[in-house]
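Residue-level structure breakdown
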Amino acid sequence: MGYVGRLVEEKGLDDLLDAMAPMRSKPSLALLGQGQIGAALLDRARILGLASRVGVHRWGNPGDVACFVNAIDLSVLLIRTSGCVRKQFGRAIIESQTCGTTLVGSTCGAIPDVVGDGGWVVPERSPGVLADCLDVLCDHPELLQDAGRAGLLQVEQRFTYERIASILTRSWKCARAERRLNAGSLDRIGTTPVPTGGRVRGRNWRAPAVEQVGQHDRQDNNAFDWPQADGASLP
């Protein structure tokens, strides 16, 4: 397993260590990054008997990061919601998926929406649930390969520069058309027209529904995308 990013409390890496300790399988964890809790994480690993299976690597250049992500079997992104943290996108997700590396993420913010079919989602601050999920994945490596292919396909369909530009352009055009329509409606009913370059005072408009990236609402926060395999022991 691997993680790339700042070693800070909000990243939930202590939950990952707590999950690794009771697992049936014995995966190794590689951390690429720096931060104020790096030493504390290593201390926690020693206390849990994981010292030989946890390594911390300092920051490298973009090429080093790409090599790191390509070399690991699974990325983790266990960010925890707090008063000042709620993940809005998660670039590390699509960076991993672009390398064909699948990911396990938390339910924080937009992470489930961005992960999509290219990985799995577990509840925040739930080492036991995470341990069960990781054990299944270790027992069935073919699931990692399948999800890796799905993640790569998702990046090609949703997150290329061209795709994002197309979505933004269509959204802006829809917003402009809606604004013009609203302005014309106000004129017809005798309300103060919109000044050139201005906006309708006291009126909030919404663009028509268009395809948006990472904005799908989860209908059931207790429903998690568990790995599926014949004979796998699932929660």
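Everything that follows concerns the structure shown earlier in this document.
First, a word on scope: everything that follows refers to the structure included in this document. (Residues numbered from 1 in each chain as written. Predicted model: local features only at pLDDT ≥ 70, side-chain atom pairs only at ≥ 80, totals over all residues. Heavy atoms only, no water.)

1. Some thoughts on the pairing of strand β5 (residues 103–106)
Along β5, one buried face is formed by Leu103 and Gly105 and the opposite face, lined by Val104 and Ser106, is buried too. Pairing geometry for strand β4 (residues 75–77) and β5, over three bridges, is parallel. Across the sheet, Ser75 pairs through a bridge with Leu103, a residue of β5. Handedness of the crossover joining β4 and β5 through helix α4 (residues 91–98) is recorded here as right-handed. (Buried < 20%, exposed > 50% of the residue type's maximum accessible area, 1.4 Å probe, protein only. Helix = DSSP H or I, 4+ residues; strand = E, 2+ residues; numbered from the N terminus. Pairing = 2+ DSSP bridges. Right-handed = clockwise from strand over helix to strand, strands pointing away.)

2. Here we look at the nonpolar core
Judged by nonpolar contacts, the single largest core of 31 residues is most densely connected at Leu16, Met20 and Val104. Among the secondary structure elements, those contributing two or more residues to this core are α1 (13–20), β2 (29–32), α2 (38–47), β6 (119–122), α6 (127–139) and α7 (141–158). No other element matches the six residues that α6 contributes to this core. Setting aside chain neighbours within four positions, we find Met20 in contact with Met1, Pro27, Ser28, Leu29, Leu50, Arg53 and Val54. In terms of nonpolar packing, the next biggest core, distinct from the first, is built from 14 residues, Leu77, Val85, Ala110 and Val114 among them. (Core = buried A, V, L, I, M, F, W, Y, C linked by side-chain atoms within 4.5 Å. Contact = heavy atoms within 4.5 Å.)

3. Thoughts on the pattern of salt bridges
For the structure shown, the criterion picks out eight salt bridges. Where Arg91 meets Glu95, a salt bridge forms, and the shortest distance between an N and an O atom there is 3.3 Å. Residue Arg91 and its partner Glu95 are both found in helix α4; the two are separated by four residues, about one turn of the helix. Relative accessible area serves as the criterion here: at 60%, Arg91 is assigned to the exposed category. Between Arg149 and Asp146 there is a salt bridge, with the nearest N and O atoms lying 2.4 Å from each other. Of this pair, Arg149 and Asp146 both sit in helix α7, three residues apart, roughly one helical turn. Asp146 sits in the partly exposed class, given a relative accessible area of 41%. One salt-bridge network, in which partners are shared between bridges, spans Asp14, Asp15 and Arg80. (Salt bridge = Lys/Arg side-chain N within 4 Å of Asp/Glu carboxyl O.)

4. Comments concerning the state of the cysteines
Within this structure, the stated rule accounts for zero disulfides. For Cys99, which is in no disulfide, the shortest distance to another cysteine sulfur is to Cys67 and amounts to 9.0 Å. The exposure class of Cys99 is partly exposed, given its relative accessible area of 25%. Looking at Cys138, it has no disulfide partner, and the nearest cysteine sulfur is the one in Cys133, 9.6 Å off. (Disulfide = S-S within 2.5 Å.)

5. Quick look at the side chain of Gln154
Within the secondary structure, Gln154 is located in helix α7. Looking at Gln154, the relative accessible area reads 9%, which means it is buried. Every residue in contact with Gln154, bar those within four places of it in the chain, is listed here: Gln97, Val114, Val115, Gly116, Asp117 and Phe159.

6. So, unusual backbone geometry
Backbone geometry at Arg125 places phi at a positive 55°, although glycine is not the residue there. As for its placement among the helices and strands, Arg125 is situated in the loop between β6 and α6.

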